[in-house]
Amino acid sequence: QVQLVESGGGLVQPGDSLRLSCTDSGRTFTYSAMAWFRQAPGKERQFVARILWVGGDTVVANSVKGRFTISRDIPKNTLYLQMNNLKPEDTAVYYCAATGDTGNYEYWGQGTQVTVVS
């Protein structure tokens, strides 16, 4: 079964960087698209970035464009989110997601906490 697992979150200061990782503990990735979302307490879940697994085409939300980069390492079966110049408003739980048969983001990880504070 699908078991997406995120890692790499932590407590950092503004301007710092983090790299989040996502793997499927049970299988090699075969999803057409994978993405990162984030959710702050009391707020709606927000799209961050998406990548097509094979072609590598990416879409990044305007709120993080120029600072965040989504990528994947196919041999390592790992999805990444490189987060540079972090800001307090980036504080959220970050989730890895993958498309299901419907094309929607059907599979989700447990989330990893990113906290940016002075």
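Rules used in this analysis
As a convention, each chain's residues are numbered from 1 in the sequence order in which they are written. Selection of residues for local features in this predicted model requires a pLDDT of at least 70, selection of side-chain atom pairs for listing and counting requires 80 or more, and totals for whole chains, interfaces and linings are taken over all residues. Processing note: side-chain calculations cover all non-hydrogen atoms of the structure and skip hydrogens and water entirely. Per-residue accessibility, obtained with a 1.4 Å probe over protein chains only, is compared with the maximum for each type, and a residue is labelled buried under 20%, exposed over 50%, and partly exposed between these values. Starting at the N terminus, helices and strands are each numbered in turn, a helix being any DSSP run of H or I of at least four residues and a strand any DSSP run of E of at least two. Whether two strands pair depends on DSSP finding at least two bridges between them. For the purposes of these results, a polar contact is taken to be a pair of N or O atoms within 3.5 Å, where, inside protein, one atom must be able to donate a hydrogen and its partner to accept one; residues adjacent in sequence count only when each atom of the pair is a side-chain atom. Whether two residues are in contact is decided by their heavy atoms, any of which lying within 4.5 Å being enough. One side-chain nitrogen of Lys or Arg within 4 Å of one carboxyl oxygen of Asp or Glu is enough to make a salt bridge.

(A) Here's a closer look at the pairing of strand 1 (residues 4-7). What you see with strand 1 is a clean split: Leu4 and Glu6 sit on the buried side and Val5 and Ser7 on the side with no burial. Two strands pair when backbone bridges link them, and strand 1 and strand 3 (residues 18-24) are joined in this way by four bridges, in the antiparallel orientation. Of the residues in strand 3, the one forming a bridge with Glu6 is Cys22.

(B) View of unusual backbone geometry. With a phi close to 55°, Asn77 is a non-glycine residue in the positive phi region. Inspection of the secondary structure assignment puts Asn77 in the loop between strand 7 (68-73) and strand 8 (78-83). Residue class for Asn77 comes out buried when judged on its relative accessible area of 12%. Notably, Asn85 is not glycine yet its phi reads approximately 50°, a positive angle. By the secondary structure assignment, Asn85 is in the loop between strand 8 and strand 9 (92-99).

(C) Quick peek at the side chain of Asp90. For Asp90, the location among the structural elements is in the loop between strand 8 and strand 9. A polar side-chain atom of Asp90 sits 2.8 Å from the main-chain amide nitrogen of Lys87. Those residues within four positions of Asp90 in sequence are excluded, and the remaining contacts are Arg38, Val64, Arg67, Phe68, Asn85, Val114 and Val116.

(D) Layout of the pattern of salt bridges. Counted according to the given criterion, the structure contains two salt bridges. With a shortest N-O distance of 2.7 Å, Asp90 and Arg67 are connected by a salt bridge. A residue pair is termed long-range when its members are at least 10 positions apart, and Asp90 in the loop between strand 8 and strand 9 and Arg67 in the loop between strand 6 (58-60) and strand 7 qualify at 23 residues. Using a relative accessible area of 0% as the deciding quantity, one classes Asp90 as buried. You can call Arg67 buried: its relative accessible area is 9%. Three or more residues are tied together by salt bridges with common partners; here these are Arg38, Arg67 and Asp90.

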